[in-house]
Every structure is written in structure tokens, then in C-alpha cells.
Amino acid sequence: MTEDATMVRINLQESDHGKRKNLMDEVLNALRDRLSLEGVSVLRGIAGLGAGGVIHASDMIHFDVDLPLIVEFCCAPKLAEAAIALLVELVPDGHVVSFPVTRHHRG
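Residue numbers restart at each chain and count upward from 1, following the sequence in its written direction. Residue-level local features of this predicted model are given only where pLDDT is at least 70; pairs of side-chain atoms are given and counted only at 80 or more, and the full residue set underlies all totals for whole chains, interfaces and linings. Computation of side-chain values covers all heavy atoms of the structure but excludes hydrogens and water.

*Asks:* Honestly, the nonpolar core in this entry has me stumped. Any pointers?
*Replies:* Nonpolar side chains tend to gather and get buried jointly when the protein is soluble and globular. Counting residues in each nonpolar core, the largest one holds 19 residues, and the members touching the most others are Ile10, Phe73, Leu87 and Val91. Working definition: helices are DSSP H or I runs of at least four residues, strands are E runs of at least two. Numbering for both runs from the N terminus. Going through the elements one at a time, strand E1 (2–13), helix H1 (23–35), strand E5 (68–75) and helix H2 (77–90) are the ones with two or more residues in this core. Sorting elements by how many residues they give to this core places H2 first, with 5 residues. Residues grouped as a nonpolar core are buried Ala, Val, Leu, Ile, Met, Phe, Trp, Tyr and Cys residues, joined through side-chain atoms within 4.5 Å. Three exposure classes are used, based on accessible area relative to the maximum for each residue type with a 1.4 Å probe and protein chains only: buried under 20%, partly exposed in between, and exposed over 50%.

Below, the structure written as C-alpha cells:
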């Protein structure tokens, strides 16, 4: 059995700040408190290219580490639309992406 869903991905940096606190925390709290979303994951990259092509990596050579964070979740398309509307007001412009996916269930 399958169902249509939407995958939403938010690209952040560890150093990103929201209005009052760490932006990742602000995003997670908003998704939980305003939309009652569950199953949201945060992935921390081991390296990435930041603004201006600056390489950020967690190794002994790079001391000012500002690693990439990916916040992602999968939900019904209508709930995803509501979440996206909320997220585009919180995070830097263009950092929210979404794409259609298929959820697979035991039949």
C-alpha cells in the first residue's frame, strides 16, 4: 500500500540564529508547537561549502567549524504546505525545499 506525501528539507548552518535563539531550535519548536509535527530529523554534515565558497569541516585543520544542518520531515501534502508557509518566514530565503515522495506501508 502507498500514499502520496511531501518531503520538506531546510538547509541551515550551526551558527544560524533566529529571533531569540538558535535557529534550529526555533524551527523545531515551531513545527512541534504550531503544527504538531512529529518525525522531524536533524542531520549534521561533516563538511560543507558556506557563503562565498568557504569550506567548513570538522577536522583538525579547520578550527572555526560552522557545519551544515539539514532539518527534514515527510508528511501529507496539505500539512507540508502549512509547514512551508511557516518555515519561509523563519529561515534564510531559499533554504526550504520540498519534493513529492511516496510512502510505503505494509499491506
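After that view of the structure, there is still more to cover.
*Asks:* Explain the pattern of salt bridges here, please?
*Replies:* One side chain can pair with another of opposite charge once the charged atoms of both are near each other. Salt bridges are defined by distance alone: a side-chain nitrogen of Lys or Arg within 4 Å of a carboxyl oxygen of Asp or Glu. The final tally for this structure, using the stated rule, is 4 salt bridges. The partner of Arg44 in a salt bridge is Glu14, and the shortest N-O contact between them spans 2.5 Å. In this pair, Arg44 sits in strand E2 (residues 41–44) while Glu14 sits in the loop between E1 and H1, placing the two residues 30 residues apart along the sequence. Given the relative accessible area of 54%, Arg44 is considered exposed. A salt bridge links Arg32 to Asp33; its shortest N-O distance comes to 2.7 Å.

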